[in-house]
Amino acid sequence: MTEGYILNAVQTATPLSVVYRSVQRGNGTVAEIEDDTCLSEKQISDALSGLRLVRLVEKVDRYCAVDLPVSDRFDDRREFQLSILHNLALEACPASDDWGKQSAIIVNFEHLIESNTQFFNRTDQAVADDMDTFQRELNYHPDDGQGDRNDMNSDKLTNWTRTADLLGLVRQVQGTDYATAPDPWLLHSTMRLATEELSDPSPDNSEHPCIEIQEYFEWMRENFLRISLTDDGEVPEVLARSFEFLSRSDAIRLVEAGDAGAVGLSNVPTPRTMDSAANSIEVR
Amino acid sequence: MSTEPPLDVIGSEDGPCPHLRALDKRRFNRLFSRVAALRASGTDDGGEYPDIFEYTHHPITVFEESFDEDSADPRPVQEDEVLDEFDPDALKNFTVVIEGPVGTGKSELCAYLTHKLRTDRDRPVLRVDKDSDLLTMLTATVPEFYKRETGESLEASGNLEDLANELESNPEIAAGVVVSNGLKLLEADYALIELDKHQKNEVEDFILGKLNELVERRHRGSDDVEDEREGFRFVTKQDYTSGHEDHLRVFEEVDPDPDKEPYELLNDKFWSALLDNYDSPPLNSLLKQVGQSFDTRPVCVFEDFSIAAVQAEKLRNYMERDNDGDNWDFIVAGTTDYTRELKRQTSQDRFKFYQTNRPGSKQVKFLTEDSAADFVRPYLAYPKSRDGSIRYQTSEDEGKELVDPPEGSVCSECGVCSNDFRDFFPFNEAFIERIYNPGLDEDDRRPRSIVTIVSDILEEFTYGPTSVPSDAQALQNEVNSPKTLVADDVLEQSETLARFGQWYGREFEREGRKYYRAPRAFAEAFGIQGIPKLNESSEGEAVAGVRYDETSVYVPAAEDVTSPGRRHVETEVDEDNESDEPDDPEREPVSVVDEIYEEHLHKIEDWRKDPGSDEYAETRKHMESGIKSLFKFLTDEYSLWTGTGLNYYVGKKRPFVYRKSSTAPEPYQVVLDLNELHASTLRKLFRFGIEQDWGTSPRSAREFLQQEGHATHFAGLADEWRSKLVSEFVSSDEVLYRKAAQNRDFEFDDFVVATYAWLVMLDNPWKEISAETLNDRYQESADFEIDATLKRALDRYPDDTRQRFSDTIETAEYVENILGSRLGVTRNALDVPAVRQRLNRHSPYEVLDELAKTHIDNIDSRVRFSTTDGSKLREIALRMYNLKRTMDDDVVDQYVDVDEQRVLGKLREVSMSDVSDIHSTLIQSYGDDLSTDLREALDGFVSTVDQDDLDDVVSGSHLIETFGDSQQERIHRRLAEFKLTEHNVIGYLDEVVVEDDGGQEDLFAPTFLEVSRYYE
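Within any chain, residue numbers begin from 1 and follow the written order of that chain's sequence. Working convention: letters from A go to chains and numbers from 1 go to ligands, in the order in which they are written. Two thresholds apply to this predicted model, a pLDDT of at least 70 for residue-level local features and 80 or more for giving and counting side-chain atom pairs, whereas whole-chain, interface and lining totals are computed over all residues. Remark: hydrogens and water are excluded; side-chain values derive from all non-hydrogen atoms of the structure.

**Student:** Just checking my understanding: could you explain a negative patch on the surface for this structure?
**Tutor:** Residue and element names in this part refer to chain B. Among the surface-exposed residues, Asp 441, Glu 442, Asp 443, Asp 610 and Glu 615 lie close enough to one another that they form a single negatively charged patch. Helix and strand definitions follow DSSP, with helices as H or I runs of at least four residues and strands as E runs of at least two, each counted in order from the N terminus. Summarising the element assignment, Glu 442 is placed in the loop between α19 (429-439) and α20 (447-463). Overall, Glu 442 belongs to the exposed group, its relative accessible area being 68%. Patch definition: residues with relative accessible area over 30% and no salt bridge; like charges joined within 9 Å; nonpolar side chains (Val, Leu, Ile, Met, Phe, Trp, Tyr) joined within 5 Å. Method for areas: the Shrake-Rupley scheme with a 1.4 Å probe, in which residue coverage is limited to the protein chains shown. The term salt bridge refers to a side-chain nitrogen of Lys or Arg lying within 4 Å of a carboxyl oxygen of Asp or Glu. Under the convention used here, Asp and Glu are negative, Lys and Arg are positive, and both His and the chain ends fall outside the count. For charged residues, the charge sits on one atom: NZ in Lys, CZ in Arg, CG in Asp, CD in Glu. Only protein chains enter the accessibility calculation, which uses a 1.4 Å probe; a residue whose area is less than 20% of its type maximum is buried, one above 50% is exposed, and one in between is partly exposed.

**Student:** Please explain helix α11 (residues 237-248) of chain A as it appears in this structure.
**Tutor:** Side chains three or four residues apart in an α-helix point the same way, a direct result of the helix having 3.6 residues per turn. Here α11 of chain A contains 12 residues, and its C-alpha end-to-end distance of 16 Å stays within 8% of the 16 Å for a straight helix at 1.5 Å per residue. For α11 of chain A, the buried fraction is high: 11 of the 12 residues fall into the buried class. Of the positions making up α11 of chain A, those classed as buried are Glu 237, Val 238, Leu 239, Ala 240, Arg 241, Ser 242, Phe 243, Glu 244, Phe 245, Leu 246 and Ser 247 of chain A. Packing partners of the buried residues in α11 of chain A comprise α6 (104-114), α9 (184-198), α10 (213-223), β7 (252-255) and β8 (280-283) of chain A together with α30 (711-729) of chain B. For a helix, the expected span equals 1.5 Å multiplied by the number of residues minus one. When checking whether two residues touch, look at their non-hydrogen atoms; a contact exists if any pair is within 4.5 Å.

**Student:** Hey, could you run me through the sheet that holds strand β5 (residues 299-302) of chain B in this one?
**Tutor:** Adjacent strands of a sheet pair through backbone hydrogen bonds, lying either parallel or antiparallel. Residues and elements named next belong to chain B. Here the rule is simple: two strands pair whenever DSSP picks up at least two bridges between them. Taken in spatial order, the 7 strands make up an open sheet running β2-β1-β7-β3-β6-β5-β4, and their pairing is mixed. Either end of the sheet is taken by a strand with one partner, and the two such strands are β2 (75-78) and β4 (125-128). This sheet shows a mean twist of 25 degrees between the axes of neighbouring strands, independent of strand direction. Strands in contact with helix α6 (residues 106-119) are β1 (61-64), β3 (94-99), β4, β5 and β6 (329-334); relative to β6, the strand with the most contacts, it is inclined by about 160 degrees. Axis lines are fitted through C-alpha atoms, for helices just across the contact stretch, and the angle between N-to-C directions can take any value from 0 to 180 degrees.

**Student:** Even after reading the chapter, I still don't get the environment of Val 77 of chain B, so can you show me in this structure?
**Tutor:** Residue and element names in this part refer to chain B. Summarising the element assignment, Val 77 is placed in strand β2. Taking the C-alpha atoms as reference, Val 77 lies 6.5 Å from Glu 64; in sequence the two are 13 residues apart. The residues contacting Val 77, other than those within four sequence positions of it, are Ile 60, Thr 61, Val 62, Glu 64, Val 82 and Tyr 354.

**Student:** Honestly, the side chain of Gln 355 of chain B in this entry has me stumped. Any pointers?
**Tutor:** Residue and element names in this part refer to chain B. Within the secondary structure, Gln 355 sits in strand β7 (residues 352-355). The buried category is assigned to Gln 355, whose relative accessible area is 13%. At 3.3 Å, the side chain of Gln 355 forms a polar contact with the side chain of Glu 99. Apart from residues lying up to four places away in sequence, Gln 355 is in contact with Val 62, Phe 63, Glu 65, Glu 99 and Thr 336. By the criterion applied in these results, polar contacts are pairs of N or O atoms within 3.5 Å in which, for protein atoms, one can donate a hydrogen and the other can accept it, and in which residues neighboring in sequence qualify only through two side-chain atoms.

**Student:** What is the right way to read the packing of aromatic side chains from this model?
**Tutor:** Remark: the centre distance and the inter-plane angle together describe each pair of aromatic rings, the angle taken between the planes. All names here are of chain B. Aromatic rings from Phe, Tyr and Trp, taking only the six-membered ring of Trp, are treated as a pair when their centres fall within 6.5 Å; an angle between ring planes under 30 degrees marks them as stacked, one over 60 as edge-to-face, and anything in between as tilted. A full pass over the atoms with the stated rule returns 49 aromatic pairs over all chains. Judged by centre distance (6.0 Å) and plane angle (90 degrees), the rings of Tyr 190 and Phe 251 are edge-to-face. Of this pair, Tyr 190 sits in the loop between α9 (171-189) and α10 (197-219) while Phe 251 sits in the loop between α11 (237-241) and α12 (262-277), and the two are 61 residues apart along the sequence. Residue Tyr 190 is classed as buried on the basis of its relative accessible area of 15%. A positively charged side chain is recorded as over a ring if its NZ (Lys) or CZ (Arg) lies within 6 Å of the ring centre. The angle to the ring normal must also be within 35 degrees. Sitting over the ring of Tyr 597, Arg 687 keeps its end group 4.2 Å from the ring centre. The lysine or arginine in question, Lys 979, covers the ring of Trp 766, its NZ or CZ lying 4.3 Å from the ring centre.

Pasting the structure below:
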């Protein structure tokens, strides 16, 4: 049987984490989860479907939770966000265009970053169309189980937006209006993970771990989000704002370390603490 | 000897100019030192820059001051003429006084004269720093000079050293001496009031502070001294007139001396008292002593005569005295306020007075807009001249002209610059001229100011972080913006190119459009994106209409408001406002928004530098209207969390404060750093703000974000604002709970859950408090009310107590809203496990018991849902605090005459249908034989009680039965009992229950059945 499609299955994203935690506590049937969470049977079934599509829940006889791939370092919410993104990213690295079906979550965000779409309405068909075009350009064709393609439309955009909001990628402004504003601290968490895996020597004998920006972006594509530097070799504006915020909060410093070329922040004034030829992120 | 500087202090390896790359910071600072004398001392630095002063010095012309009222305009005098006034064979003291406003070249001329007298004429030079003071001069400057020149110690220096040491070790004693003796000296000449002990102590304290300041000044360096700083004074005019130091008013008369102000009298006498007491010679005696030990005439240079004002009179007498044994040449520079002491009749005859500017003019003669570039040029050329890269030739036709760099020189090898700008690089003439005007304010157009700005920019360019000088922070922070406004599109797409055109470009018309044309070589050298190397592309378009050809970059200028094709936005100008110009049918009408926008456009950058200035009040007003509108939208009407109605009432306040503001941010303000906003963004915001203030149908914030972008940045700011609010008024250790509770991890969400739990308890005291029951109630749409039965029971309390219950229930709507936004999963479902976890951790009572009134008061009353009292977060918390006290004081120990066991015993198995059947049978069979009381009781029971009532009563009684001894459970029990005792079922229970023979109460129904049997 063909696997379901996340943008159809998950219409309300917020129960996902509640249901996941309930399963994690050992509740293995809808009835048990219902007793534990008081959510409706439908809400629970939808959430379980979604959780299976993001590889956090399995079912043999009973539902059981898959251990979060990212854990023990962050709070529950961040662990959950990062784990879903990680699982989806693993399937969104197509070799020979062999896209994971659920890659829409990652790919649509990639589109917003690349097109510098900073503000959108989740019911806007034009935005859905642009996402659809972008997906096609990437040769990503999620099937609908009957031989056709799951095209983006405003309903799927709504579902995507709610899930992306849960994942910390977009932020509700009012009603159905959203800003593409990834949680800077989500990115900071990925920076921490990146430096744990690929730490470069820090400049000036700093005790803080460091990673080249270019290397970080490549690592992110494999592990969490498909993001790229702009054609001018800069951090895209939407992400650059997070970089600037984290610099200002002294959570990172953009420093020059090693021989890699300098990487600027697109359309964002240089943070005070940023080296003039910064090419690396020092995570503090 | 010069040594190679360490690598890490050398300029950026990536910098385009090898000369600048080789310039370490020490050399850089010497080159651009604001202190002229420091540049002039280049030869003292191991011969590193022996000719730096000559190279960068600009010849100065001064005006000879005449005291003849009938004389014509003052005569201009060249600096070498002034130098020639110093006759090596003169027999008496000679003095040159240089006067002029701050920054007009006094120090430069002093440095020139000093430099020449020392290097060309072998004169010993005693230089008195601007920041020096009398004590330093007496104890250090003069003795050190003497020792340096003669190799011997000065006899008097022992005493002077004692004085200095005494001031450091026993300043209190010194202060006592200064005040006591100083007052005596004053009393000898002037009438003083009688000082009581208190006033004298105050004067001594004041002088003690001054002595400490004096000692500190001696320990400080003087390399970076501003002209404006005046020499040390015991009493300044400010001290005397400010009103803060009334104890200094010791004179009987307001003006005790016609020639001197009172503060000067105090200052003089206090100094004399200090020096006399330590047997120190005054300055003039010391100079005489030192001067006589030289064969060549020594030179004493006072760069800032304010230093010696206290001794000015005696010093003047020494300078002007007609004594063949004296041999000092004096150079005294100062502002006219301080040099007037020297202008006595005798000195007017014997001294030479020069002014650095024409009387009544603030302009520096040698620095004008036309000459600004030439003034700065030597500073920029000097580093490149050292290897011969920069050389000039002078011809009659062309004047001074830069010649090609010799083969093998650094500039020749580099090849970036053409001769048009090689000596200026990385600036050009247009750039320097714009720094002069309008960059510097009119009264700040001084040599030092322009050199300072240039050096600040160059420093950023040489050592980072700026790779394009026109992007330098120094320009954004320190100078006014140029009037060269570039097109919005350019600002939008490349602020670097926009600024490049603004600062480097000259106005240029091309195909009917105005551009700023700047040398392409600069853009290439700086690596500006969009401008390729010449060998890659000779001409083309970069971005937003910016074009380049082989020699130049053309940056489009901002469109004129009246130009065709400009955007029309809003209200048209009043039609009655007639114009002399003929109507142009192709021209769009000018809108008020456009008009204001154009009028203030050029002020935006200057406003950014000083956003609080009243000068830009209107710019600020519109800008803030725009920013506030975005904040309001992006925070969902200033709500603390999206989707909740709990917001901060901003009103006319600003939710932000500028980083450059002198006031600290309020708890409800985030810091807005205007430097984080591109110029193009500011322009857009400004127009948007004008629309809000003036437009008839202004764009909404939503439309603005859709059209102009920037949502990510402003959403980030909005999130910062929310985080600040939450951290200040929700999660702070200073709000809601007492301190100890904070340490026990009581959180705001605990308060929300506990409050909601109590509201549910009041809504129905027979409901168990659990995550499930709270969730059930959350899903109900009915309004919260105090349970009707409970309400009757509360009648036992006085009004004010009852009021506390009703006050609390009034807040339910808001509490439920907060609960939903904090712990809701969907619109009608709570995160039950999370609520459960909180209830398990702390009971509602435990949470509410930790509320502290003082910390509740710390919640700003503007954090609220609406204007009603009950909707304010502070009020919600306060009402819970009060209710908790009521529960403790008036409820928990209240006696309630009800026995839930008895109720359960009677009603547990009763079915109302059975009761109704029996009731019918009784009535039919016995009718009037039944006692009236029993009949009425039975009728009432059957007609008003239904099965749900019975079930409720049983359920409530069961709940009461389960309560333990915790305070939460005791309170809940009492409320449940209140309800039980007031329930109408209980009333009937007493009336219809009959005791059986054994004196035991039986179940209600069997008893009732028994009654019926009795009547069978």
